Amino acid sequence: RLKNQLSPKSFIIQFGFQNYPTEFEDAGLAKIAILKNNFPENELCFADHLDGESEEALIMPVFAAQAGCTYVEKHVYYDQMETKYDKFSSVSYTNYTRLLSRMQNYTASFNEVFINDRESRYLEKSMQIPFLRKDVTKGSLISIATDLDFKRTDQKGLNVKEIKDLLDTHHILGSDKKAGEVLKREDFKKATMATMVACRMKSSRLPKKATAKIGDLTSIELCLKNVLKFKHINHTILATSTLEEDAMLKDYTFNDTVVFHQGDPEDVIQRFLGIIDELKVDVIMRLTGDCPYLSKDIQEIILKSHFESGADYSTAPKACIGMNVEIFNVNALRKIKSYFPYADYSEYMTYYVTNNPDYFKINRVELPEKYIRDYRLTLDYPEDLELFNKIEDHLKEKGLEFSATAVFEFLDANPELAEYNRHCTVVYKDNDELIQRINKATTIVE
């Protein structure tokens, strides 16, 4: 009504408890938020009637201003003049000037930039720089959580964000570093990474399974086709033995970018190191050729976590059989060989790391629920081959590219198909005698 009748240029709502003097607890600061919420278009004025002789009379207006009041009503008196009204709630001229000074200082403080020049200079002088807790060898990843301490130092080194940025872009140490040293950009190099697909022609349960047809491709070709979709990889390697029967795999590399390598028939680590040294590889994704449905999405999750954690070895324990990816730093493979010059059981390479947690940094990755299933997607029995051809027929019929999601949706919708091979055993998981032999042979004994 007042707006309509008066059409004022501004409309200020003033509030205050005008008892003389107003008690501190009656000043009404709590009203500010309520008035601002109900009258967002109006400016507010705080009518201050606190005891003019109290310290609160010089503080309360500051609180009101910072809480959102544009104006403060304040009574001021000259010491030599008598006043009939409002004497109790008035401040002297001297205190009034103190109040103005205080208001200006507080207002300036609230309007400061988040970090001003003085604080910036202080932070630069007091900044704690990350440095290494222990000696770290060339080719290692850095774990921000476990490998670094922080202290004030005159040494110039990378801060945590700069180190994290390097790890996020798949950098490793390019030189040996000592405990107590800071890290510099020149200490890092971009990791050369390879997918290492181990494959042999021998198979007692499903003879020559590597060349068994799944849809239009052989098993090993389908595996390589999907592995070639992995991101951040410099080399894709098909690693087999020097035995004559395995030479034929050279004709099944899917395309010319795949490196064909033959090495030790039994010591798989030695077989890998032969091509690793030739290509100067730093990190490998260890895979087996009997897994045609290896997922680039799962690989990317594990790889990201591997560098974030600064691990020697990373894997996703809950991935379904045939879709997991194991990531090894080459340094870890060399350390295994230093303890096991001839790794008799390196077909089961995982155990050399997981049985020795005091020697290796192990990173067990939690996958998102959408990538967790209990399906069996590895090729070892005729039933596996039958299931895989069902999957390929479905993908071809629907015009779908392979993905973990596409396969899971198909099997989820047809649970009877997953029963084709559910009874098939995984030898290295179900044979207790074999597991005992592996554990004994792969555990480091000083």
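In case you missed it, the structure is sitting above this.
Caption draft 1: Fine view of the nonpolar core. Formed by 57 residues in total, the largest nonpolar core has its most connected members in Ile220, Tyr293, Met323, Leu377 and Ile391. Contributions of two or more residues to this core are made by strand S10 (193-198), helix H7 (219-227), strand S15 (283-288), helix H9 (296-309), helix H12 (382-398), helix H13 (404-413) and helix H14 (415-418). A per-element tally of this core places H13 first, with 6 residues. Those residues in contact with isoleucine 220 that lie beyond four places of it in its chain are Val197, Cys199, Ala210, Leu238, Leu249, Tyr252 and Gly289. Core analysis: the second largest hydrophobic core is formed by 26 residues, Met196, Ala198, Tyr313 and Ile336 among them.

Caption draft 2: Here's a closer look at the pattern of salt bridges. Using the criterion set out here, one finds 32 salt bridges in the structure. Among the ionic pairs, arginine 200 bridges to glutamate 245, the shortest N-O distance being 3.8 Å. Of this pair, arginine 200 sits in the loop between S10 and strand S11 (213-214) while glutamate 245 is found in the loop between strand S13 (235-241) and strand S14 (258-263), placing the two residues 45 residues apart along the sequence. Looking at glutamate 245, the relative accessible area reads 41%, which means it is partly exposed.

Caption draft 3: Summary view of a nonpolar patch on the surface. On the surface, Val76, Tyr78, Met81 and Tyr93 cluster together into a nonpolar patch covering about 410 Å² of accessible area. Among the secondary structure elements, tyrosine 93 is positioned in helix H4 (residues 93-110). Judged by relative accessible area, tyrosine 93 falls into the partly exposed class, the value being 44%.

Caption draft 4: Region of interest: the environment of threonine 195. As for its placement among the helices and strands, threonine 195 is situated in strand S10. For threonine 195, a relative accessible area of 0% gives the class buried. For the pair threonine 195 and glutamate 326, spaced 131 residues apart in the sequence, the C-alpha separation amounts to 9.9 Å. In this view, threonine 195 contacts Val227, Phe230, Ile233, His235, Thr236, Ile237, Met285 and Leu287; residues no more than four positions away in its chain are not counted. Within the structure, the side chain of threonine 195 is placed 3.2 Å from the side chain of threonine 236, a separation counted as a polar contact.

Cut-off values and rules
- Residues numbered from 1 in each chain as written.
- Predicted model: local features only at pLDDT ≥ 70, side-chain atom pairs only at ≥ 80, totals over all residues.
- Heavy atoms only, no water.
- Core = buried A, V, L, I, M, F, W, Y, C linked by side-chain atoms within 4.5 Å.
- Buried < 20%, exposed > 50% of the residue type's maximum accessible area, 1.4 Å probe, protein only.
- Helix = DSSP H or I, 4+ residues; strand = E, 2+ residues; numbered from the N terminus.
- Contact = heavy atoms within 4.5 Å.
- Salt bridge = Lys/Arg side-chain N within 4 Å of Asp/Glu carboxyl O.
- Patch = residues over 30% accessible without salt bridge, like charges linked within 9 Å, V, L, I, M, F, W, Y side chains within 5 Å.
- Areas by Shrake-Rupley, 256 points an atom, 1.4 Å probe, with all protein chains shown as cover.
- Polar contact = N/O pair within 3.5 Å; in protein donor to acceptor, adjacent residues only side chain to side chain.

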